[in-house]
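# Fold and geometry: a report
Each chain is listed here by its residues.
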Amino acid sequence: MLRGRFAPTPSGAMHIGNAGTALLAWLAVRNEGGAFILRMEDLDGPRSKPQYAAGILEDLQWLGLDWDEGPDVGGPYGPYNQSERREWYEDAFRRLERAGWLYPCFCSRKDLLQLASAPHGRASEGPVYPGFCRELSEAERAEKARVKTPSFRFRLPERTIAFRDLIMGEQSFPPGFGGDFVVKRADGIMSYQLAVVVDDGAMGVTQVVRGSDLLDSTPRQILLYEALGLPIPQFAHVPLLFGPDGKRLAKRHGSMIGLSNLRKAGVKPEAVVGTLAYLYG
Ligand code: GLU
């Protein structure tokens, strides 16, 4: 059975861009009689707020997009808030570490930002990590660990990662694309990349529909699926909506892109859904 999901980060209110992605994810599932999962990606404590999570649930309900499993209704693969799933991530982290995929990195954010100008292979998460800590000896690691808590990075293998996106078509990323990426931050928080793969794997997700801003995360996630022995879902990356200035839809485009404001202004949910369906049709 097809299992799809919508996995918002509750770090802000939902706008019509997020609603478009949710609508397409929901339609893809409902078309096939599959199950639709709602998962709150609230791992990053300071940025995520319970009131935003509550607002997202309300906005989705207003739009008429229902879910079969989620933080409020539960389900067989819960909990559905990432903040309650840390032990799943710790377990996956230990498995990756034991299998030799990870290494500790002692570089500071400041060191790395100085490299930010290098555009080559740059992924949306920031500058490509140049591998400073990749080949440290055990003695060097022990010495550095005395003064700094490391983050942990995934050692990219030297191969091309290719997949077929249901919307964007064939995709191919050269060896080393984006650089070795962080799976656990120095503050102990697991990265989005690890958490999303562990959860989609554990929740039996077979189809991932999400914004095209995450397209370049997909090769990293495919490597994590492989390293953890999990089946790789199908991917469909939805084009983002842009404002009249040609920039990605965001707060600067005014309050009327926010769903709750549209609702308060008396706009009908059918009108929002209809407009989105027209835009993506
Ligand atoms: N939580 C991510 C976001 O809101 C989406 C994750 C995903 O769909 O893979 O941008």
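Report on the accompanying structure. Within each chain, residues carry numbers counting from 1 in the order of the written sequence. Only residues with pLDDT of 70 or above have their local features reported here, since the model is predicted, and side-chain atom pairs are shown and tallied only from 80 upward, although totals for entire chains, interfaces and linings are computed over all residues. Side-chain descriptors were evaluated using all non-hydrogen atoms of the structure, hydrogens and water having been removed beforehand.

Once that is clear, we can look at a nonpolar patch on the surface. Put simply, a patch holds well-exposed residues, over 30% relative accessible area, that have no salt bridge, with like charges counted together within 9 Å and Val, Leu, Ile, Met, Phe, Trp or Tyr side chains within 5 Å. Accessible areas in this description were obtained via Shrake-Rupley with a 1.4 Å probe; residue shielding takes into account the shown protein chains only. Whenever a carboxyl oxygen of Asp or Glu lies within 4 Å of a side-chain nitrogen of Lys or Arg, that contact is scored as a salt bridge. A cluster of nonpolar side chains, L166, I167 and M168, forms an exposed patch at the surface whose accessible area comes to about 230 Å². The secondary structure listing takes helices from DSSP runs of H or I that are at least 4 residues long and strands from runs of E that are at least 2 residues long, numbered from the N terminus. Within the secondary structure, M168 is located in the loop between β5 (161-165) and β6 (169-173).

Turning our eyes to something else, we now look at the pairing of β6. The pairing criterion for strands is at least two bridges between them, as found by DSSP. Direction of pairing for β5 relative to β6: antiparallel, over a ladder of five bridges. Of the residues in β6, the one forming a bridge with D165 is G169. The hairpin formed by β5 and β6 contains three residues between the paired strands.

For the rest of this paragraph, the subject is the pairing of strand β4 (residues 151-154). Going residue by residue along β4, you find S151 and R153 tucked away on one face and F152 and F154 tucked away on the opposite face as well. Relative to strand β7 (residues 181-184), β4 is paired through three bridges, and the arrangement is antiparallel. Bridge pairing in β7 places F154 opposite F181. Note on exposure labels: buried denotes an accessible area under 20% of the residue type's maximum, exposed denotes more than 50%, and partly exposed covers the range between, all computed with a 1.4 Å probe on protein chains only.

Let's shift gears to the sheet that holds β7. Taken in spatial order, the three strands of this open sheet run β3-β4-β7, and their pairing is antiparallel. The open sheet has two edge strands with one neighbour each: β3 (102-105) and β7. Here the average twist between neighbouring strands, direction ignored, is 45 degrees. Lines are fitted to the C-alpha atoms to define the axes, a helix being fitted only along its stretch in contact, and any angle between axes, read from their N-to-C directions, falls within 0 to 180 degrees.

Before going further, it helps to examine the side chain of S191. Of note, S191 is situated in the loop between β7 and α6 (192-202). Residue classification places S191 among the buried positions, given a relative accessible area of 9%. Not counting residues within four places of it along the chain, the set of residues in contact with S191 comprises V182, V183 and K184. Note on contacts: a residue pair is in contact if any heavy atoms of the two residues lie within 4.5 Å.

The full set of residues close to the ligand is R5, A7, P8, T9, E41, Y192, V196, R210 and L214. Two N or O atoms count as a polar contact when they lie within 3.5 Å, although within protein this holds only if one can serve as hydrogen donor and the other as acceptor, and sequence-adjacent residues are included solely when both atoms are side-chain atoms. Interatomic distance of 2.6 Å between a side-chain N/O atom of E41 and a nitrogen atom of the ligand. R210 has a polar side-chain atom sitting 2.8 Å from an oxygen atom of the ligand. Considered on its own, the ligand offers 300 Å² of accessible surface; in the complex 78% of this is hidden by protein. It suffices for a single heavy atom of a residue to lie within 4 Å of a molecule or strand for the residue to be listed as near it.

Okay, the sheet that holds strand β2 (residues 35-38) next. In space, the four strands of this open sheet follow the order β2-β1-β8-β9, with parallel pairing throughout. Two strands close off the open sheet at either side, each with one partner strand: β2 and β9 (234-238). Sheet twist, expressed as the average angle between the axes of neighbouring strands with direction ignored, equals 25 degrees. The pairing of strand β1 (residues 3-6) with strand β8 (residues 207-211) spans two bridges and is classified as parallel.

Where helix α1 (residues 16-31) meets helix α9 (residues 269-280), the closest approach of the two axes is 10 Å, and the angle between their N-to-C directions is 75 degrees. With respect to α9, the element α1 is oriented roughly perpendicular. Contacts from I16, A19, G20, L23 and L24 of α1 reach α9 at V272, V273, L276, A277 and Y280. Classification used: nonpolar for Ala, Val, Leu, Ile, Met, Phe, Trp, Tyr, Cys and Pro, charged for Asp, Glu, Lys and Arg, polar for all others including Gly. Tallied by class, residues from the contact of α1 with α9 come to nine nonpolar, one polar and no charged. Oblique is the label for any angle not under 35 degrees, not over 145, and not in the 65 to 115 range, which are roughly parallel, roughly antiparallel and roughly perpendicular in turn.

Scope: geometric values only; no functional claims are made or implied.
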